[in-house]
Amino acid sequence: GKFPPITPHTTRASVEAHPGFAAGSTGDFPSARQLVRDLAKPALWTGRVDYVCPVVQVNSAGRWNALPVALAELLAEQIGAKLVAHIVREKAAPDPTATSVARLVQQSGFDGRAPQGTYLICHDLSVFGSTLANLRGHLEHQGSTVLAATALATNIFGTTLVPDSTVLLGISARFRHELSTITTQLGFDYDRLTAREAYFIYGLKNLDPLRNPQAPT
């Protein structure tokens, strides 16, 4: 069936206003765990999985983000699953001020062998859903099944990983002579976009921003 929307626990404003956000997002686990205890709602997801896998990533300064791992710890404890925290994002996370185009073209795969089973995946803040979609792909490529995704908070319209087929048809029609640009610049075909990525690309006048992410859109 269709993959369910990402389940957010609270708002991005609440996460970023929390006293533990700055320290937790740069590697301080006590701060991250306090933020998660204060803001996460573990009862939001009542399914059963073998494993909970967070997005494990560093920022551009090389500091680990402890928030997804702290959320995964709490969820794993709540639902009786095992924590898988050794699957690591290959590239550093985009800066918080990164443009939409920069986020699109700076996507990353993951590294690490995943134990076989069913998974819940989680993140702290999901903007386009790209990172969670790529983590899902990494796990499923190895033969596991990802049943659901959750994040402390998501951007508006950023909860749906599977794009609307009519939007994909629109992209195909508008950019039919340039579809290879999407594959070249993003590393995957347009039908693998998340819903918010697809809406964003559909709204572009042309695909020049993907070829030159530094240019203003």
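Here, the structure is the one placed above.
Definitions and limits used
- Residues numbered from 1 in each chain as written.
- Predicted model: local features only at pLDDT ≥ 70, side-chain atom pairs only at ≥ 80, totals over all residues.
- Heavy atoms only, no water.
- Salt bridge = Lys/Arg side-chain N within 4 Å of Asp/Glu carboxyl O.
- Helix = DSSP H or I, 4+ residues; strand = E, 2+ residues; numbered from the N terminus.
- Buried < 20%, exposed > 50% of the residue type's maximum accessible area, 1.4 Å probe, protein only.
- Core = buried A, V, L, I, M, F, W, Y, C linked by side-chain atoms within 4.5 Å.
- Contact = heavy atoms within 4.5 Å.
- Axes fitted to C-alpha atoms, helices over the stretch in contact; angles between N-to-C directions.
- Parallel < 35°, antiparallel > 145°, perpendicular 65-115°, else oblique.
- Left-handed = near helix turned anticlockwise from the far one by under 90°.
- Arc of directions from axis to C-beta.
- Phe/Tyr/Trp six-rings, centres within 6.5 Å; stacked < 30°, edge-to-face > 60°.
- Lys NZ or Arg CZ within 6 Å of the ring centre and 35° of its normal.
- Nonpolar A, V, L, I, M, F, W, Y, C, P; charged D, E, K, R; others polar.

Draft legend 1. Spotlight on the pattern of salt bridges. The final tally for this structure, using the stated rule, is 5 salt bridges. Residue Arg 33 is joined to Glu 73 by a salt bridge in which the shortest nitrogen-to-oxygen separation is 2.8 Å. Here Glu 73 lies in helix 4 (residues 67-79) and Arg 33 lies in helix 3 (residues 29-39), a separation of 40 residues in the sequence. Overall, Arg 33 belongs to the partly exposed group, its relative accessible area being 31%. Residue Glu 73 is classed as partly exposed on the basis of its relative accessible area, which comes to 25%. Salt-bridge contacts for Arg 136 lead to Glu 140; the nearest nitrogen and oxygen are separated by 3.7 Å. Of this pair, Arg 136 and Glu 140 are both found in helix 6 (residues 130-141), 4 residues apart, which corresponds to roughly one turn of the helix.

Draft legend 2. Representation of the nonpolar core. Residues Val 15, Leu 35, Val 52 and Leu 120 are the most contacted members of the largest nonpolar core, which totals 25 residues. When contributions to this core are tallied by element, the ones reaching two or more residues are helix 3, helix 4, strand 6 (118-126) and strand 7 (145-154). Element by element, the count of residues in this core is highest for helix 4, at 7 residues. With residues near it in sequence (within four places) discarded, Val 15 still touches Thr 10, Phe 21, Leu 35, Leu 39, Leu 125, Leu 152 and Ala 153. The next biggest cluster of nonpolar side chains, apart from the first, holds 18 residues, and it includes Phe 3, Val 55, Val 84 and Leu 135.

Draft legend 3. Region of interest: the packing of helix 3 against helix 4. Where helix 3 meets helix 4, the closest approach of the two axes is 8 Å, and the angle between their N-to-C directions is 55 degrees. Regarding the angle of helix 3 to helix 4, the classification is oblique. At the point where helix 3 passes helix 4, the crossing takes the right-handed sense. Listed contacts from helix 4 to Phe 29, Ala 32, Arg 33, Leu 35 and Val 36 of helix 3 are Leu 67, Val 69, Ala 70, Leu 71, Glu 73 and Leu 74.

Draft legend 4. View of helix 8 (residues 179-186). For helix 8, the set of buried residues is Leu 179, Thr 181, Ile 182 and Leu 186. Down the axis of helix 8, the buried side of the element spans an arc of 155 degrees, and every buried residue falls inside it. Exposed and facing more than 90 degrees away from the buried side of helix 8 are Ser 180 and Thr 184. Looking at the packing, one finds that the buried side of helix 8 touches helix 5 (100-105), helix 7 (165-174), helix 9 (195-202) and helix 10 (208-211). At the exit of helix 8 stands Gly 187, carrying a positive phi of roughly 90 degrees.

Draft legend 5. Quick look at the packing of aromatic side chains. Counted according to the given criterion, the structure contains 2 aromatic pairs. The ring of Phe 3 carries Arg 136 above its face, with NZ or CZ at 4.1 Å from the centroid. Taking NZ or CZ as reference, Arg 196 lies 4.8 Å from the ring centre of Phe 128, over its face.

Draft legend 6. Fine view of the packing of helix 7 against helix 9. As a packed pair, helix 7 and helix 9 sit with axes 9 Å apart at the nearest point and diverge in direction by 35 degrees. Helix-helix and strand crossings are classified by hand; for helix 7 and helix 9 the assignment is left-handed. Packed against helix 7, whose contacting residues are Val 167, Leu 168, Gly 170, Ile 171 and Arg 174, the element helix 9 presents Ala 198, Tyr 199, Ile 201 and Tyr 202 at the interface. The residue inventory of the contact of helix 7 with helix 9, partitioned by class, reads 7 nonpolar, 1 polar and 1 charged.

Taken by themselves, the reported measurements are silent on function.
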